[in-house]
Amino acid sequence: MELKICFLPGDGIGPEIMEQAGTVLEAVAEKFGHTLTASSARIGGVAIDADGVPLPQETIDACKAADAVLLGAVGGPKWDEIDPAIRPERGLLAIRKEMGLFANLRPAQLFPQLKHACFLRPDLVENGLDVMVIRELTGGIYFGEPKGIEEKDGEKMGYNTMVYYEHEVERIARVAFEAARKRDKRLCSVDKANVLDVSRLWREVVIRTHADYPDVELTHMYVDNAAMQLVRNPSQFDVIVTGNLFGDILSDEAGCITGSIGMLPSASLGTDGPGLYEPIHGSAPDIAGQDKANPLATILSVAMMLRHSFNLTAEAEAIEAAVSKVLDQGYRTGDIREEGCELIGCQKMGQLVVEAI
Ligand code: IPM
Ligand code: MG
């Protein structure tokens, strides 16, 4: 099979983790007899420096021409003072919108080898930690109009609008019900329906859509309570579905309680067309270029890509097994370092995963 992949390394540690993910992808392709056709393009700060905008048209075209896109990370202190309309993060939001990637899958899993890294009391994660956060990614307050900063009554006033159409809620709910079906068949929809009108509609549409998935158990939770329950009793959750802003916050929380944000992949999918895969961590400018970054989140994002965009389950499992093996062998990057384990860099980690494949 031909795998047409567009690589978007981006900023900070992006290029180094991407290089390792690329070699892992090559190794899997070779082992299973696939042809890799790679392209690469600029996004974020590097694009601002070279093209004056965080998402050049060339990059959009290259992404749309590929079967799947792998992204590193965007942003850094260098672009902090820049005009907000062209900040590196804008590039990320724009590519999600351009490609129609409304469904963001963020699995938060505790690797058994990394139990010590979990921030929660051991008795709280006795039953493991395996939550899938499904975040709506192209709507809500991130994109709603009207928005802006205006002069009003002699002072400045800033505002954004949280908007959801029924069709937007229904399609993300369907993705979540389908995902729950393949897991433990429990879906928790998170909203703020006690305060927000937009959330009342959200809840109504999720309940209506549930009629097509009677085998999945549906519950509802207010977002403040969900934030608390995630640290109090995370194993009560199987799949969480929520809007863009709440999902941004809860997916960081779910990711970070596993103790290893450097281990967590994500997938952003649309109705059809290429999906985009990226680690959930950021560009980590403080360690960029020092061979200290953990490439495993990006490598595991490649596994998600093979599974979701190409239906290549055996190939995805080969990567996951290889990652597990390297952890079993006691190799760790700085973010997951542990007494008695060997501390290694980004390149070595990638190389070990390739060898394990
Ligand atoms: C994320 C990030 C982005 C978001 C930023 C960088 C625009 O926090 O992917 O979760 O808010 O969606
Ligand atoms: Mg975020």
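Residues numbered from 1 in each chain as written. Chains lettered and ligands numbered in written order. Predicted model: local features only at pLDDT ≥ 70, side-chain atom pairs only at ≥ 80, totals over all residues. Heavy atoms only, no water.

1. Things to note about the overall build of the protein
- The helix and strand inventory of the protein stands at eleven helices and 14 strands.
- Taken over the C-alpha trace, the protein has a radius of gyration of 20 Å; the compact-globule value for 357 residues is 21 Å, and the two agree within 12%.
- Taking the principal axes of its C-alpha atoms as reference, the protein extends roughly 60 × 50 × 40 Å.
- Within the span of the protein, comprising 357 residues, buried residues form 52% of the whole.
- Across the protein, every contact between residues at least 6 apart in sequence was considered, and the portion connecting residues at least 24 apart equals 75%.
- For the protein, the accessible area works out to roughly 15700 Å², and carbon and sulfur atoms hold 50% of it.
- Looking at charge distribution, the protein has the averaged site of its 34 positive side-chain charges lying 3 Å from that of its 54 negative ones. (Helix = DSSP H or I, 4+ residues; strand = E, 2+ residues; numbered from the N terminus. Rg over C-alpha atoms; globule rule 2.2 N^0.38 Å. Buried < 20%, exposed > 50% of the residue type's maximum accessible area, 1.4 Å probe, protein only. Contact = heavy atoms within 4.5 Å. Areas by Shrake-Rupley, 256 points an atom, 1.4 Å probe, with all protein chains shown as cover. Lys, Arg positive; Asp, Glu negative; His and termini not counted. Charge placed at Lys NZ, Arg CZ, Asp CG, Glu CD.)

2. Looking at the site of ligand 1
- Glu 89, Arg 96, Arg 106, Arg 135, Tyr 142 and Asp 248 make up every residue found near ligand 1.
- A distance of 2.9 Å is found between an oxygen atom of ligand 1 and a side-chain nitrogen or oxygen belonging to Asp 248.
- Isolated, ligand 1 exposes 320 Å² of accessible area, and the fraction of that covered by the protein chains is 74%.
- Per-class residue counts for the shell around ligand 1 are one nonpolar, no polar and five charged.
- Of the domains in this structure, domain 1 (1-111 + 261-357) and domain 2 (119-257) are the two that each give at least three residues to the shell around ligand 1. (Near = heavy atom within 4 Å. Polar contact = N/O pair within 3.5 Å; in protein donor to acceptor, adjacent residues only side chain to side chain. Nonpolar A, V, L, I, M, F, W, Y, C, P; charged D, E, K, R; others polar. Domains from an automatic or database assignment.)

3. With respect to helix H8 (residues 244-257)
- Relative to the 20 Å expected for 14 residues at 1.5 Å per residue, H8 spans 20 Å between its end C-alpha atoms, a close match to the ideal helical length.
- Listed in full, the buried residues belonging to H8 are Asn 244, Phe 246, Gly 247, Leu 250, Ser 251, Glu 253, Ala 254, Gly 255 and Ile 257.
- On its buried face, H8 sits against strand S4 (103-109), strand S5 (130-136), strand S8 (186-191), helix H6 (197-210), helix H7 (223-232) and strand S10 (239-242).
- Positive backbone phi, at 85°, marks Gly 259, one or two positions downstream of H8. (Expected span 1.5 Å × (residues − 1).)

4. Considerations on the layout of surface pockets
- Of the voids in this model, the largest pocket is the one considered here, and its volume is about 1100 Å³.
- Along the wall of the largest pocket there are 42 residues; nearest its centre are Leu 105, Met 132, Met 304, Arg 307 and His 308.
- Listing elements by their share of the lining of the largest pocket, those giving two or more residues are S4, S5, helix H5 (166-181), strand S11 (265-269), strand S12 (275-279), helix H9 (296-310) and helix H10 (313-328).
- It is H9 that contributes the most residues to the lining of the largest pocket, five residues altogether. (1 Å grid on protein atoms, 1.4 Å probe; cavity = no way out; pocket = protein on both sides within 12 Å on 5 of 7 lines; lining within 4 Å. Points joined across faces, edges and corners; volume = space filled by probe spheres on them.)

5. Overview of the domain arrangement of the protein
- Each assigned domain of the protein is listed here: domain 1 (1-111 + 261-357) and domain 2 (119-257).
- Tallying the contact residues gives 18 residues for domain 1 and 21 residues for domain 2.
- Ranking the residues of domain 1 by area buried against domain 2 places Phe 102, Arg 106 and Ala 108 at the top, with a combined share of 35%.
- Put simply, domain 1 and domain 2 have zero salt bridges between them. (Buried area = accessible area lost by both parts, 1.4 Å probe. Salt bridge = Lys/Arg side-chain N within 4 Å of Asp/Glu carboxyl O.)

6. Observations regarding the side chain of Lys 192
- Examined against the element boundaries, Lys 192 turns out to sit in the loop between S8 and H6.
- If sequence neighbours within four positions are ignored, Lys 192 has contacts with Ser 199, Tyr 222, Val 223, Asp 224 and Phe 246.

7. Focus: the environment of Ala 85
- The residue Ala 85 is located in the loop between strand S3 (68-73) and helix H4 (88-98) in this model.
- Separated by 31 residues in sequence, Ala 85 and Pro 54 place their C-alpha atoms 9.5 Å apart.

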